[in-house]
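Geometric and topological summary
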Amino acid sequence: MSSKTLKIAALAGDGIGPEVMRAAIQVLRAIEKKHALAFALTEAPVGWAGIDASGQALPDATLALCRASDAILFGSVGLPDRDPTLPKEQRPERAALLRLRKEFALFANLRPVQLPKALSHACPLRPERQGDGIDLLVVRELTGGMYFGQPKRTEEVVEPGAPGTEPRRFQRAIDTMVYTTPEIERIAHVAFRSAGLRRKKLTSIDKANVLENGILWRETVTRVGKSYPDVALDHMFVDNAAMQLLLRPTQFDVVLCENMFGDILSDEAAALAGSLGMLPSASLGATQDGVTFGLYEPAGGTAPDIAGKDLANPIAQILSAALMLRHSFGLEDAARSIEAAVGKAIADGLRTGDIFNPGEPAAKKVGTRVMADAITAAV
Ligand code: IPM
Ligand code: MG
């Protein structure tokens, strides 16, 4: 694949999106030279940037660009101050991000969480709980469950009051958690295959003691597991998993979750890796003819409080670009070059504010640009 020009749609979005995207593009340009690749990177507005440019969180032209591209490199969308001014269906999270996930059937979200030894100081856990470093992969189902299940609405309810009194009026919000066996099977296959390439351990998360969905999830994952005899499968209730992540994170290799549980546990896991600013993610569709279309984005948000101040950690965006090279383009060496360059910047003591701890000897607090330049130079 590397001989042809790889078309990348770069959608920076809002908040810190543009500055961390700039950093990722800079690193990709260095990779292009080093590995003799050709990237055709096209930037397009999304989120509030899209609304301000052409009235839609996902402008038609941006969607068309995505369709014509080999992969999407995504920043982040949504501004909590402005979001409530729009009807909820038009807000950036739903109208851009969730729409893209659904539009391209990106059902498999991979979130690798790594706490290198060098970042031990940034981890909220005591060193003895960190073992030799934390290294796990959250595989999150991304197009089902409560995020998309129908019915999904807020309705007005009128209940007759006691005789002679006014009726009671209130609102009721409904979200629906729904999964089918094919949806569970396809994400389970992704998780088992991922575990097979790692330490061969899969922990499947559910709430089978309460939810119908949990029971179906557990049965289906167990059945799929019969095809992967070399992977050790265990099951854990989601509440226990939230606790185990804090008590003994090193017990996990691959963690498989439905959409909402994965959203929550991946943020928790990211905190173990020092910061949400370190967590990249790949959202993948089905592989067709050896090609996997994907959207690659940091797991963190727009962080409007620090936007435009050269404070944001660009590493999650840069590592998301590495995941793009690996999963959509099959460029393992180039992906590793990026990961090694990030590793070097960290080993050299460079720290953005989110991973800086004044107690750490030889750590240097730097901004987005200096971090991006150091990583680019290390490529
Ligand atoms: C994530 C984010 C999104 C999600 C939001 C921005 C809609 O939190 O990617 O984890 O909930 O999936
Ligand atoms: Mg989230």
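Calculation rules
Residues numbered from 1 in each chain as written. Chains lettered and ligands numbered in written order. Predicted model: local features only at pLDDT ≥ 70, side-chain atom pairs only at ≥ 80, totals over all residues. Heavy atoms only, no water. Near = heavy atom within 4 Å. Polar contact = N/O pair within 3.5 Å; in protein donor to acceptor, adjacent residues only side chain to side chain. Areas by Shrake-Rupley, 256 points an atom, 1.4 Å probe, with all protein chains shown as cover. Nonpolar A, V, L, I, M, F, W, Y, C, P; charged D, E, K, R; others polar. Pairing = 2+ DSSP bridges. Helix = DSSP H or I, 4+ residues; strand = E, 2+ residues; numbered from the N terminus. Axes fitted to C-alpha atoms, helices over the stretch in contact; angles between N-to-C directions. Contact = heavy atoms within 4.5 Å. Disulfide = S-S within 2.5 Å. Buried < 20%, exposed > 50% of the residue type's maximum accessible area, 1.4 Å probe, protein only.

1. Quick look at the site of ligand 1
In the vicinity of ligand 1, the contacting residues are E93, R101, R111, R140, Y147 and D263. For ligand 1, an oxygen atom lies 2.8 Å from a polar atom in the side chain of R101. Relative to its free-state accessible area of 320 Å², ligand 1 is covered by the protein chains to the extent of 77%. The residue inventory of the shell around ligand 1, partitioned by class, reads one nonpolar, no polar and five charged.

2. Some words on the sheet that holds strand β8 (residues 201-206)
Taken together, 10 strands build an open sheet; the order of strands is β2-β1-β3-β12-β11-β4-β5-β10-β8-β9 and the sheet is mixed. The sheet terminates laterally at β2 (39-43) and β9 (232-237), the two strands that pair on one side only. Between one strand and the next, the sheet's axes are offset by a mean angle of 20°, whatever the strand orientation. In this sheet, strand β12 (residues 291-298) lies alongside strand β3 (residues 71-76) in parallel orientation, the contact comprising two bridges. Looking at β12, one finds that L73 is bridged to Y296. Against the sheet, helix α1 (residues 17-34) contacts β1 (6-13), β2 and β3, and its axis sits at roughly 165° relative to β2. Here helix α3 (residues 60-67) sits on the sheet and contacts β1, β2, β3 and β12; the angle it forms with β1, its principal contact strand, is near 145°.

3. Observations regarding the state of the cysteines
For the coordinates displayed, the defined rule picks out zero disulfides. The thiol of C257 is unpaired, and the distance to the nearest cysteine sulfur, on C123, comes to 19 Å. Here C257 falls in the buried class, since its relative accessible area comes to 0%.

Any functional reading would require information that these geometric values do not contain.
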